[in-house]
Amino acid sequence: MGKITVKVVNNGGKPLPAYATPDSAGMDIRANLSEPVVLRPLERRLIPTGLRIAIPKGCECQVRPRSGLALKHGVTVLNTPGTIDADYRGELGVLLVNLSNEDFTVNDGERIAQLVFSSHETCVFELTDNLDDTARGDGGYGHTGVK
């Protein structure tokens, strides 16, 4: 299991994202608000976190929903997973959406999403006229049936 070091600027003064258990993949990230934000049904809002980070080259950070918010309140991250690239230096924002039928209030310091860090490869496309054959071929959505 590898570790990366990520420099962080904490302009919000909230606790830094941290792993809840030794085997957690994601770290909860908190809202940094001057006043509560009410998300009406089907409304989306960019929620600030007060954090800016410097991710090492070859790595990314994904913003993912918190399962408890989704289950209990129907609130999730709209562009999940949201990708934070290694060269981004702005404030981290979380695009929340309320998929429930009731208003949901986001309070200052509330855990609103989770961050997952990982390494990635860089792709170079090679133009060709043909691709190798596979058993699956061009079978896409639903190609394996319902069972």
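Residues numbered from 1 in each chain as written. Predicted model: local features only at pLDDT ≥ 70, side-chain atom pairs only at ≥ 80, totals over all residues. Heavy atoms only, no water.

A. Inspection of the sheet that holds strand 7 (residues 59-64) at higher detail. Pairing in this open sheet of five strands is antiparallel, and the strands run 2-3-12-7-9 from one edge to the other. Edge strands, defined here as strands with exactly one partner in the open sheet, are strand 2 (18-19) and strand 9 (82-84). Pairing geometry for strand 7 and strand 12 (residues 111-119), over six bridges, is antiparallel. Opposite E60, over in strand 12, you have S118 as the bridge partner. (Pairing = 2+ DSSP bridges. Helix = DSSP H or I, 4+ residues; strand = E, 2+ residues; numbered from the N terminus.)

B. Local environment of the pairing of strand 7. The buried fraction of strand 7 is high, at five of six residues. In this structure, strand 7 lies alongside strand 9, joined through three bridges in antiparallel fashion. Across the sheet, Q62 pairs through a bridge with T83, a residue of strand 9. (Buried < 20%, exposed > 50% of the residue type's maximum accessible area, 1.4 Å probe, protein only.)

C. Main features of the pattern of salt bridges. The final tally for this structure, using the stated rule, is five salt bridges. Between R111 and D28 there is a salt bridge, with its nearest N and O atoms 2.8 Å apart. Note that R111 is positioned in strand 12 and D28 in strand 3 (residues 27-30), a separation of 83 residues in sequence. Accessibility expressed as a relative area gives 18% for D28, which makes it buried. (Salt bridge = Lys/Arg side-chain N within 4 Å of Asp/Glu carboxyl O.)

D. Molecular detail of the environment of C59. Among the structural elements, C59 can be located in strand 7. Look at C59 and you get buried, because its relative accessible area is 8%. Taking the C-alpha atoms as reference points, C59 and E121, separated by 62 residues in sequence, lie 8.6 Å from one another. Setting aside its immediate chain neighbours within four residues, C59 contacts I4, A86, S118, S119 and H120. (Contact = heavy atoms within 4.5 Å.)

E. Region of interest: the sheet that holds strand 5 (residues 44-48). Here we have three strands laid out as an open sheet, ordered 5-10-8, and antiparallel in their pairing. Each edge of the open sheet is held by one strand with a lone partner, namely strand 5 and strand 8 (75-77). Ignoring which end each strand starts from, the neighbouring axes of this sheet average 35 degrees apart. Direction of pairing for strand 5 relative to strand 10 (residues 93-98): antiparallel, over a ladder of five bridges. Paired with L46 across the strands is L95, a residue of strand 10. (Axes fitted to C-alpha atoms, helices over the stretch in contact; angles between N-to-C directions.)

F. Up close: the nonpolar core. Of all hydrophobic cores here, the largest spans 25 residues; its most connected members are I29, I47, V94, L96, V106 and I112. Beyond its immediate stretch of four places on either side in the chain, I112 contacts I29, R30, A31, I47, R66, L69, V94, L96 and V106. (Core = buried A, V, L, I, M, F, W, Y, C linked by side-chain atoms within 4.5 Å.)

G. Main features of the environment of N98. Inspection of the secondary structure assignment puts N98 in strand 10. In the structure, N98 is positioned 59 residues away from L39 in sequence and 6.1 Å away in space, judged by C-alpha atoms. Leaving out residues up to four positions away in the same chain, N98 has contacts with L39, R40, P41, L42, E43, H73, G74, V75, D103 and F104. Among the polar contacts listed, one links the side chain of N98 to the side chain of S100, at a separation of 2.7 Å. Engagement of the side chain of N98 in a polar contact is seen with the backbone oxygen of E102, the distance being 2.7 Å. (Polar contact = N/O pair within 3.5 Å; in protein donor to acceptor, adjacent residues only side chain to side chain.)

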